[in-house]
Amino acid sequence: MTAYFIQAFIYLLAAVIAVPLAKRFGLGSVLGYLVAGVAIGPVFGLVGQETNTIQHFAEFGVVMMLFLVGMELDPKSLWAMRVRLVGLGGLQVVVTAVAGSLIAFWLGLVWQTALAVGLIFALSSTAIVLQTLNEKGLAKTEGGRSAFSVLLFQDIAVIPMLALIPLLALPELMGAGGVDGHSSFNLVAHLPGWVHALVVIGAVAAVIAGGYYLGPPLFRYVVGAGLREIFTATALMIVIGIAALMSLVNLSPALGAFLAGVVLANSEFKHELEANIEPFKGLLLGLFFITVGAGINFEVLAAEWVTVVALGITVIAVKAIVLLGLAWLFKIRGSNFWLFALSLAQAGEFGFVLLTYSVQSSVIPSDTAQILSLVVALSMFLTPLLFIAYDRLVLPRYRNDKENVRDADDIEEQAPVIVAGVGRFGQIVCRLLRANNIPMVVLDLEIEQIENSRRINIKSYFGDASRSDFLEQAGIENARLLVVAIDDRERAVQMIRHVKQYYPNVWILARAFDRGHGYQLREAGADDVVSETYHSALELGGHALTAMGVHPMRAKQMTWSFVQNEEAHEDELFEAWKEIEGGISFGPRYGELFMKLEESLNIAMNQEWQEPRREDVPIWTPPEEGQR
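Note that this is a predicted model, so its numbers are computed, not measured.

Draft legend 1. Quick peek at the packing of aromatic side chains. Overall, the coordinates contain three aromatic pairs when judged by the stated rule. Measuring from ring centre to ring centre gives 5.5 Å for F337 and W338, while their planes differ by 90 degrees; the resulting arrangement is edge-to-face. Judged by its relative accessible area of 15%, F337 is buried. In this structure, R333 is placed above the aromatic ring of W328, and the distance from its NZ or CZ to the ring centre is 3.9 Å. Over the face of the ring belonging to F513 we find R511, whose NZ or CZ atom lies 4.5 Å from the ring centre.

Structure follows, in structure tokens:
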């Protein structure tokens, strides 16, 4: 038992040290986990043969991740992305598999082995790519959405790959691959092809029907117990059960979990499920990346390092070329062109699964599989570096490159109001203006948001609102009002500064992310700044007072006193903030003033409590629990 505790401590200690350091240096958490694995494995030898066993367990993190990804979609979303899912994803798998097979055949492998190698390297790392895209806030960009479509198709494509690989068995390798220790749990191993197909269809149908018809009643039953840990156990039971069912019929557990997530995407328990699964997913994915680093065989690497490095670079280069061609074909432009190619240029975690399966199925010799396993690991290891190259080499070029303007729409009409950014904040402003028949022009870089605005007859154009020439096309010279609600903090500040310098008569309303950002916007010249969370938090605070027994009218008075107190000290705090060099943080004087603000707020609240109750305000008590 002590040995297990020591091993667990080593893995956790490596992650705790390496991952924060990697994040601090801008390398991303994935590279931190990989470095931690290399350190405790090949470098210091703190872990041993148990790494392979732990890796099989840690692969369940990928299954959980795809379950959560599925919950973010629904059948309508899948149908909406069908073109990129089938077209872009299908072409990527087919073209990359063919290119990989031809190269492997040219290197001397028999065609059966070469085809299996091509299929293995056609896949990319769902775990690394999705986690990195989410960490960097790139998941909703055009490049991020296109990459997700390809990854989703790849996960689906694993099914026919698993069915095809046994048909490629080589007679001379029969008996050399060994037997899978879990083969006794495979229900379809010795069934005829047509029966196998029926069983697979039945398993998929069972997952979909079970999630749709049995899931909601089961969760209602569990919620009725009032025990959070039982709900967590139920969520884990569902994901584990689906993974086991898919494994029994020789399908990808990740695909089954994804289908279950899609079925439960519209469930009333969606958010509770996500909250319960997310911690397990994060820990297991981190453990998976550590085992990939720890599993690198340095003896084979030392003997064949030239071959491994050359093949690793070749894999990344060939896949990147194929992806760049597809990006051009599907009109993915600008920085998204490179994001799409660089993010998917590696091999994936399912490559380890297919390699093992190919050896067991007598398709790939074990010595070749060892080298290919190192190539897969090396390509995954280099992926965070490709994202760093995107951040530091690609993005700066496209932020200032005038070629980006060619993708913007031609603005045909102008209006007295220009709204820059029509996301969750800007759309409320637009709807209010439209309801009062005030003409406006909307500018945004999100195509989906532009299309949604056009559906309700708002003049909307795709393009970067922070570009001076695009603003000129929108009529900034004659505009009366500019609403700035874009998501990029720095661009918002620069945009306001530019407009106030060249068009001082334009009244600027700006959305701030927080107090510090609000000061930056105000200093840049914004005439009116509103924090995106201020009024909603104020409203919720009033409800909190009401829930604790304060009369709703009294709660309104207190929230109004809060606003008055903030406004009374706003200019003084702003001046103190401006005294700080660079105006990017809060200094000692600002802190003193803020504490005075809190003291005056307490005094104002006490005065509200001490005021005599008006006769026309009745005594109020919150409703009983069952009446709310």
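Anyway, onward from the coordinates.
Draft legend 2. Helix α1 (residues 2-24), seen in detail. With 23 residues, α1 should reach 33 Å at 1.5 Å per residue; the first-to-last C-alpha distance of 33 Å fits that figure. Buried within α1 are the following residues: I10, Y11, A14, A15, A18, V19 and A22.

Draft legend 3. Structural detail: the packing of helix α24 (residues 534-547) against helix α25 (residues 552-578). Running from N to C, α24 and α25 point in directions that differ by 145 degrees, and their axes come no closer than 9 Å. With respect to the hand of their crossing, α24 and α25 are arranged in right-handed fashion. Of the residues in α25, those in contact with Y534, L538, E539, G542, L545 and T546 of α24 are P552, A555, K556, M558, T559, F562, V563 and E566.

Draft legend 4. View of helix α13 (residues 270-294). The end-to-end C-alpha separation of α13 is 35 Å, in line with the 36 Å expected for 25 residues at 1.5 Å each. The axis of α13 is deflected most strongly, by about 35 degrees, at I277, and proline P279 appears within four residues downstream.

Draft legend 5. Layout of the packing of helix α2 (residues 29-43) against α13. Orientation of α2 relative to α13, taken along the N-to-C sense of each, is 45 degrees, at an axis distance of 6 Å. On the basis of their axis angle, the class for α2 and α13 is oblique. In terms of crossing hand, the pair formed by α2 and α13 is right-handed. Residues V30, Y33, L34, A36, G37, V38, I40, G41 and P42 of α2 touch α13, and the partners they reach there are G286, F289, I290, V292, G293 and A294. Across the contact of α2 with α13, the residue classes tally to 11 nonpolar, four polar and no charged.

Draft legend 6. Main features of the nonpolar core. Membership of the largest hydrophobic core comes to 131 residues, with the highest contact counts inside it found for F67, F121, I277, F289, F340, L344 and I364. Considering each element in turn, this core owes the most residues, 14 residues, to helix α18 (residues 366-400). Not counting residues up to four positions away in its chain, the partners in contact with F121 are T96, V315, K319, A347, L372, V375 and V376. In terms of nonpolar packing, the next biggest core, distinct from the first, is built from 29 residues, V441, F470, A474 and A524 among them.

Draft legend 7. Fine view of the pattern of salt bridges. Under the criterion given, the structure shown has eight salt bridges. With a closest N to O distance of 3.9 Å, K556 and E539 form a salt bridge. You can see K556 sitting in helix α25 and its partner E539 sitting in helix α24, a full 17 residues away along the chain. Note on K556: relative accessible area 53%, which makes it exposed. On the accessibility criterion, E539 (41% relative accessible area) is partly exposed. When salt bridges with common partners are traced through the structure, they connect D487, R511 and E532 into a single cluster.

Draft legend 8. Geometry of the environment of S453. Mapped onto the elements, S453 comes out in helix α20 (residues 447-455). With a relative accessible area of 6%, S453 lands in the buried category. Once residues lying within four places of it in the same chain are set aside, the contact partners of S453 are V422, I458 and S460.

Draft legend 9. Region of the structure containing the sheet that holds strand β4 (residues 481-484). Taken together, the six strands give an open sheet; going across it, the order is β3-β2-β1-β4-β5-β6, and neighbouring strands pair in parallel fashion. Unpaired on one side and paired on the other, β3 (459-462) and β6 (528-531) mark the two borders of the sheet. Averaged over all adjacent pairs, the angle separating strand axes in this sheet is 15 degrees, with direction ignored. As judged from the four bridges shared by strand β1 (residues 417-420) and β4, these two strands associate in the parallel manner. Bridge pairing in β4 places A420 opposite V484. Set on the sheet, helix α19 (residues 426-435) makes contact with β1, β2 (440-444) and β4; between it and β2 the angle comes to about 160 degrees. Against the sheet, α20 touches β2 and β3, its axis set at about 165 degrees to β3.

Draft legend 10. Structural detail: unusual backbone geometry. Phi at K331 is positive, roughly 60 degrees, even though this residue is not glycine. Here K331 shows up in the loop between α15 (305-329) and α16 (335-343). Positive phi, normally seen in glycine, also occurs at N437, with a value near 60 degrees. Tracing the chain through its elements places N437 in the loop between α19 and β2.

The rules we used
- Residues numbered from 1 in each chain as written.
- Predicted model: local features only at pLDDT ≥ 70, side-chain atom pairs only at ≥ 80, totals over all residues.
- Heavy atoms only, no water.
- Phe/Tyr/Trp six-rings, centres within 6.5 Å; stacked < 30°, edge-to-face > 60°.
- Buried < 20%, exposed > 50% of the residue type's maximum accessible area, 1.4 Å probe, protein only.
- Lys NZ or Arg CZ within 6 Å of the ring centre and 35° of its normal.
- Helix = DSSP H or I, 4+ residues; strand = E, 2+ residues; numbered from the N terminus.
- Expected span 1.5 Å × (residues − 1).
- Axes fitted to C-alpha atoms, helices over the stretch in contact; angles between N-to-C directions.
- Left-handed = near helix turned anticlockwise from the far one by under 90°.
- Contact = heavy atoms within 4.5 Å.
- Bend = angle between axes of the 7 residues up to and from the residue.
- Parallel < 35°, antiparallel > 145°, perpendicular 65-115°, else oblique.
- Nonpolar A, V, L, I, M, F, W, Y, C, P; charged D, E, K, R; others polar.
- Core = buried A, V, L, I, M, F, W, Y, C linked by side-chain atoms within 4.5 Å.
- Salt bridge = Lys/Arg side-chain N within 4 Å of Asp/Glu carboxyl O.
- Pairing = 2+ DSSP bridges.

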